[in-house]
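Geometric and topological summary
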Amino acid sequence: MPEQFLAPLRCRTLAIVGILGTLGLAGCGRSSSPQNVLLVTWDTTRVDRLGCYGGPPDTTPHLDRLASESVVFRRAYAPVPLTLPSHTTLLTGMHPRSHGVMDNGLFRVPDFLPLWSELLQSEGYATAAFVASFVLDRQFGLSRGFDHYDDVGGSPSQSGKFIDERPADEVTESALAWLQAHASGPFSLWVHYYDPHFPHQPPADLAAEFPQRLYDAEIAAVDRAFGRLIQALKERGVFDQTLIIMTSDHGEGLGDHGEKAHGYLLYQSTMHVPLVLRAPGLPPGECGATVGLVDVLPTTLELLGLPIPTSVDGRSLLPLLESDQDPAAVFLESDLPRISLGFAPVAAVVQNGHKYIGAPHPELYDLSRDPSEQHNLLADAPERAGSLPSTLADYLATTPPPATREVSEDDRDRIAALGYTAGDEKQAVMQSRWTNEELLRVVDLRDRARDHLLAGRNDRCLQDSRQLIELAPQSYQGYEYAGTALARLGQFDRAIERLHQALELCADLPNAHWNLSTCHFRKGDLNAALAAAERVVELDPSHSQARRILAEMALRRGQSEHAKQHMKKLLETAPNSAEAAWARSALREL
């Protein structure tokens, strides 16, 4: 990442008393505050692809135009390089260690935490959200307080397939329809764009405009949609009464430090995010203070003249507009190495222009002189870390509250289709001294094995799974993938052995139990097969294949009432499946 993107930038001097007076906030009244709020999050967006952050001038003309009228925070950070945890911090103002959401899919936002939407809804705002990815589906807990929460949904589309993401133009159309009906305000509208996420498949016209730059083309697609939102505010006469916030949940590795995507490492490519804020009466400028997404909610509430809940960990950023001399620490972390692979987790702290990464092999970078993080200052002088290790240790001493949820097999598949792997949050850490190269090699092997399995390339999946087991024997995934491939190849005894090894590491794997059931059926051990199928539906009540097997076997044994129970449950949990169609027919005959 070029140095100019993180070079020290002096805030435009803005006397805070003058700001508050201009906004009518000195007495915390609402009369002169912004009447509306538009929060727009661009998923997986690197700052060095945005013109207003020194990136290419052709990708983001609409954002750049807005940024020229806004406060641009040059050193903003995501808390976690994952969509759900980062958005949870954004919408609660809480650190991940406070809200407990550490990964996509496995976690749900606790019901007792006050959300952005609830706070504004209670003040009379019409609230709506339009999200573009299944990772932010309502079942994960962020829909509370929204009068309208437009997600990709839990039912299959007309094609029979589940929709896991939708493009920016489609999200914008839905948001504009809602805005048309609520422009009189006050309203709070959150729009989420997912396009820059891998795989990169931009609209055809932008793919042609940005040849060999598909990631940039997707950024351009989001910018075009964003421009339509801004234009709609102007056409409806509410642009100058609306607080507009643009940010991202995390960036993308794109090969920096060997990381192709995101989630496992904490370098600038995935953690440094844009933060652009335009408020009525707030003079435009730049702020070079180190801030986090945890600070966005309290800043928004102060601009609106609303009280900040005591649960909030962040702080209002308005005082920082007076000066960029800010000693506050911003914390970054990822538990994904532990959750997904059984490796030690990683965390970092950014303070006074330095970043300390508390990985198994610690790192320290002077971001003002080395923004691309090429020179680890601890290599020659470990003492240079100063108090940063103890600052980070104090933060990590806080244990996250439990926020886990059961993950159905369909949901696991949908999360996997988006490039994530839902692991087991109880996985024990056994490999604590990993290097980046070792971790990323395991990630690549795991992803290859998974992709081979999904594509039916069982022999190739088996080859990669064997290597995965050698490199990460503490991760259940190598054993599960190998067991599934062996079952498909008809090697049932070996498959059963591998699947039991997976379940020793993680007992709650519906797919592993289902494959065990299949193997036992093929070997003629019906009791073992039914026991495994029962375990499947305990873990995943919507597993339609296991439900049908259990219902059919109950019918064969003359247990009609037991069979009916499974059929009715099948109709309830998987009504659109082929097994549900069978159940309807079978029930009519009973």
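About the thresholds
Numbers given for residues are sequential positions, taken from 1 along each chain in its written order. Local features in a predicted model are, by the rule used here, given only for residues with pLDDT of at least 70; side-chain atom pairs are given and counted only at 80 or more, and totals for whole chains, interfaces and linings are based on all residues. With hydrogens and water stripped out, all remaining heavy atoms of the structure feed into the side-chain values. Put simply, DSSP H or I for four residues or longer makes a helix, DSSP E for two residues or longer makes a strand, and each gets a number counted from the N terminus. Burial classes: relative accessible area under 20% of the type maximum marks a residue as buried, over 50% as exposed, and values in between as partly exposed (1.4 Å probe, protein chains only). The contact criterion used throughout is that any non-hydrogen atoms of two residues lie within 4.5 Å. For the accessible areas, the method is Shrake-Rupley and the probe is 1.4 Å, while residue cover comes only from the protein chains on display. Stacked, tilted and edge-to-face are the three classes assigned to paired rings of Phe, Tyr and Trp, where Trp is represented by its six-membered ring and a pair needs centres within 6.5 Å; plane angles under 30 degrees give stacked, over 60 edge-to-face, the rest tilted. Consider the ring centre and the ring normal. A charge sits over the ring if Lys NZ or Arg CZ is within 6 Å of that centre and within 35 degrees of that normal. The criterion for strand pairing is that DSSP finds at least two bridges linking the strands in question. All axes here are fitted lines through C-alpha atoms, helices being fitted over the stretch that makes contact, and every angle between N-to-C directions spans 0 to 180 degrees. Within this scheme, the nonpolar core is defined by two criteria: the residues are buried Ala, Val, Leu, Ile, Met, Phe, Trp, Tyr or Cys, and they are joined through side-chain atoms within 4.5 Å. Helix span, expected: 1.5 Å multiplied by one less than the number of residues in the helix. pLDDT is defined as a per-residue confidence score from the predictor, taking values between 0 and 100.

Moving on, we get to the overall build of the protein chain. The helix and strand tally for the protein chain stands at 22 helices and twelve strands. Counting all 590 residues of the protein chain, 59% fall into the buried class. Taking contacts inside the protein chain between residues at least 6 apart in sequence as the whole, the part at least 24 apart equals 68%. Of the roughly 22500 Å² of accessible surface on the protein chain, 49% is carried by carbon and sulfur atoms.

Tallied over the entire structure, the rule returns nine aromatic pairs. For the pair Trp178 and Phe187, a centre-to-centre distance of 6.2 Å together with 85 degrees between the ring planes defines the contact as edge-to-face. Judged by relative accessible area, which is 8%, Trp178 ranks as buried. Phe187 gets classed as buried once you look at its relative accessible area, which sits at 0%. Through a chain of ring-to-ring contacts, three or more aromatic side chains come together here, namely Phe146, Tyr149 and Trp190. Here the guanidinium or amino end of Lys234 rests over the ring plane of Phe239, the centre of that ring lying 4.9 Å away.

The next subject is the sheet that holds strand S10 (residues 346-351). Read from one edge to the other, the open sheet built from four strands follows the order S9-S10-S11-S12, with strand pairing classed as antiparallel. Unpaired on one side and paired on the other, strand S9 (330-334) and strand S12 (363-366) mark the two borders of the sheet. Along the sheet, successive strands turn relative to each other by an average axial angle of 15 degrees, direction set aside. Both S10 and strand S11 (residues 354-357) contribute to a ladder of four bridges, which runs antiparallel. By the bridge assignment, Val350 is partnered in S11 with Lys355. Packed onto the sheet, helix H12 (residues 388-396) meets S9, S10, S11 and S12 and runs at close to 125 degrees relative to S10.

Among the nonpolar cores identified, the biggest contains 124 residues, and Trp42, Trp190 and Tyr193 are the most heavily contacted of them. Counting residues in hydrophobic clusters, the runner-up holds 24 residues, among them Ala449, Tyr476, Ala495 and Ala512.

What follows covers helix H14 (residues 436-454). The first and last C-alpha atoms of H14 sit 27 Å apart over 19 residues, in line with the 27 Å expected at 1.5 Å per residue. Among all positions of H14, only Asn436, Leu439, Leu440, Val442, Val443, Leu445, Arg446, Asp447, Ala449, Arg450, His452 and Leu453 are buried. Where H14 ends, the next residue or the one after it, Gly456, has phi of about 80 degrees, a positive value.

The next point concerns the confidence of the model for the protein chain. Summary statistics for the protein chain give a mean pLDDT of 87 and a share of 87% for residues scoring 70 or more. Contacts for the low-pLDDT stretch residues 1-18, under 50 throughout, to residues beyond four places or in other chains number 59 contacts. Confidence over residues 424-430 falls short of pLDDT 50; this stretch has 26 contacts with residues more than four positions distant or in other chains.

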